[in-house]
Amino acid sequence: MPGLDEVLYYLNGIYLLLKQKQEGFGWLDLTSRGLARSFWAFVWCLPAFAVIWASWRLYYLAGMPAGTTAGLGFLSKVLLIEITGWLLPLVLLLALARPLGYGKHLATVVTASNWISVPFAYAMALPVALSLILPQSVLFAGLLLYAVFGASVMLQFRLVWMCVGKQNLLAAAITAIYVLPPMIVAQELQRVLGTLPG
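Residues numbered from 1 in each chain as written. Predicted model: local features only at pLDDT ≥ 70, side-chain atom pairs only at ≥ 80, totals over all residues. Heavy atoms only, no water.

Trainee: Break down the overall build of the protein for me, with residues and values.
Mentor: Of the regular secondary structure elements, the protein holds seven helices and zero strands. Going from N to C terminus, the protein has its helices and strands arranged as α-α-α-α-α-α-α. Taken over the C-alpha trace, the protein has a radius of gyration of 18 Å; the compact-globule value for 198 residues is 16 Å, and the two agree within 12%. Projecting the C-alpha coordinates of the protein onto the three principal axes gives extents of approximately 55 × 35 × 30 Å. When each of the 198 residues of the protein is scored for burial, the buried share is 37%. Considering only contacts within the protein whose residues lie at least 6 apart along the sequence, 71% involve residues at least 24 apart. Taken as a whole, the protein presents about 10800 Å² of accessible surface, with 71% of it coming from carbon and sulfur. For the protein, the distance from the average site of its 11 positive side-chain charges to the average site of its 6 negative ones is 7 Å. (Helix = DSSP H or I, 4+ residues; strand = E, 2+ residues; numbered from the N terminus. Rg over C-alpha atoms; globule rule 2.2 N^0.38 Å. Buried < 20%, exposed > 50% of the residue type's maximum accessible area, 1.4 Å probe, protein only. Contact = heavy atoms within 4.5 Å. Areas by Shrake-Rupley, 256 points an atom, 1.4 Å probe, with all protein chains shown as cover. Lys, Arg positive; Asp, Glu negative; His and termini not counted. Charge placed at Lys NZ, Arg CZ, Asp CG, Glu CD.)

Trainee: Before we move on, could you go through unusual backbone geometry and cite the residues and values that matter?
Mentor: The phi dihedral of Gln-20 is positive, around 65 degrees, even though this residue is not glycine. Position of Gln-20 relative to the elements: it lies in the loop between helix H1 (4-18) and helix H2 (32-37). Not every positive phi belongs to a glycine, and Lys-166 is a case in point at roughly 60 degrees. With respect to the element layout, Lys-166 can be found in the loop between helix H6 (138-163) and helix H7 (168-193).

Trainee: Describe the side chain of Thr-175, naming the residues involved and giving the relevant values.
Mentor: The topology assignment puts Thr-175 in helix H7. Judged by relative accessible area, Thr-175 falls into the buried class, the value being 5%. Setting aside chain neighbours within four positions, we find Thr-175 in contact with Val-153, Gln-156, Phe-157 and Val-160.

Trainee: Which residues make up helix H3 (residues 41-62), and what are the values?
Mentor: For H3, with 22 residues, the first-to-last C-alpha span of 32 Å sits near the 32 Å given by 1.5 Å per residue. Where H3 bends most, the angle comes to about 45 degrees, and this point is Pro-47. Listed as buried for H3 are Ala-41, Phe-42, Cys-45, Ala-48, Phe-49, Trp-53, Ser-55 and Tyr-60. Residues of H3 that are buried sit in contact with H2, helix H4 (72-100) and helix H5 (106-133). (Expected span 1.5 Å × (residues − 1). Bend = angle between axes of the 7 residues up to and from the residue.)

Trainee: Residue-level account of the nonpolar core, with values.
Mentor: Within the largest apolar cluster, 43 residues are counted, with the highest numbers of intra-cluster contacts made by Ile-14, Leu-93, Leu-159 and Ile-174. Counting only elements with at least two residues in this core, the list comes to H1, H3, H4, H5, H6 and H7. Filtering out sequence-adjacent residues up to four positions away, Leu-159 remains in contact with Ile-14, Leu-17, Leu-18, Ala-112, Ser-113 and Ile-116. (Core = buried A, V, L, I, M, F, W, Y, C linked by side-chain atoms within 4.5 Å.)

Trainee: Kindly report on the environment of Gly-165, identifying the contributing residues and their values.
Mentor: Its place among the elements puts Gly-165 in the loop between H6 and H7. Along the backbone, Gly-165 and His-105 are 60 residues apart, and their C-alpha atoms lie at a distance of 8.5 Å.

Trainee: Which residues make up the packing of aromatic side chains, and what values do they have?
Mentor: Scanning all chains against the criterion turns up eight aromatic pairs. Plain terms: the ring middles of Phe-49 and Trp-53 are 5.9 Å apart, the flat faces sit at 25 degrees to each other, and that makes the pair stacked. Of the two residues, Phe-49 and Trp-53 both sit in helix H3, four residues apart, roughly one turn of that helix. Each member of the pair, Phe-49 as well as Trp-53, is classed as buried. Members of the aromatic cluster, each reached through a chain of ring pairs, are Tyr-9, Tyr-10, Trp-27 and Trp-115. (Phe/Tyr/Trp six-rings, centres within 6.5 Å; stacked < 30°, edge-to-face > 60°.)

Trainee: Which residues make up the pattern of salt bridges, and what values do they have?
Mentor: This structure, assessed with the given rule, holds two salt bridges. Residues Glu-6 and Arg-37 are paired through a salt bridge, measuring 2.6 Å at the closest nitrogen-oxygen approach. Of the two residues, Glu-6 is situated in helix H1 and Arg-37 in helix H2; the sequence distance between them amounts to 31 residues. With relative accessibility at 24%, the residue Glu-6 sits in the partly exposed group. Residue class for Arg-37 comes out buried when judged on its relative accessible area of 15%. Notably, a salt bridge pairs Arg-191 with Glu-188, separated by 2.3 Å at the nearest N-O pair. (Salt bridge = Lys/Arg side-chain N within 4 Å of Asp/Glu carboxyl O.)

Encoded structure:
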């Protein structure tokens with residue numbers, strides 16, 4: 001598992017790419033080994049995910065009858081939804097690589113997108129944590145959450161745009177794959193697995 005120093009090194013490369021600096025690629029390990037190691041980003045996101053899951057658990061219990069429990073089984077379902085949301089775009093990207101003609105960029109896109117998920121996860125967790133600590137700030141926290149989500153989509157597009165040689169339409173298509181299918185499938189899985197209140 002990559003240590004903190006290594007993760008920060010990669011994130012510096014991501015930062016440079018977001019500033020449209022080509023040297024950012026030099027800070028990433030774009031070998032097959034680097035691609036495989038980039039999936040450790042999910043583990044680095046887990047503390048942030050835990051905050052989000054804790055908030056969802058409270059929301060779930062608040063909407064259920066008294067005496068409802070949400071223990072390990074509930075959290076396992078939430079974890080499954082999170083993993084599915086992480087892997088689904090990768091499956092779609094792999095399937096569409098040849099039809100859309102971005103195969104040569106695929107490893108770079110996936111490696112960079114995996115690592116940018118780390119700051120995205122913690123940025124999303126901040127307003128959630130705020131609502132947990134200060135329940136009266138829930139409205140502000142909700143607005144902040146929407147702002148963070150919007151910013152993350154724009155930054156994802158900017159990163160992918162750099163990774164695919166600044167091709168606007170291709171970057172928009174790949175960004176949409178990263179954003180829309182996980183949202184749709186997560187909502188359906190929540191319904192099927194019973195993690196929605198009501």
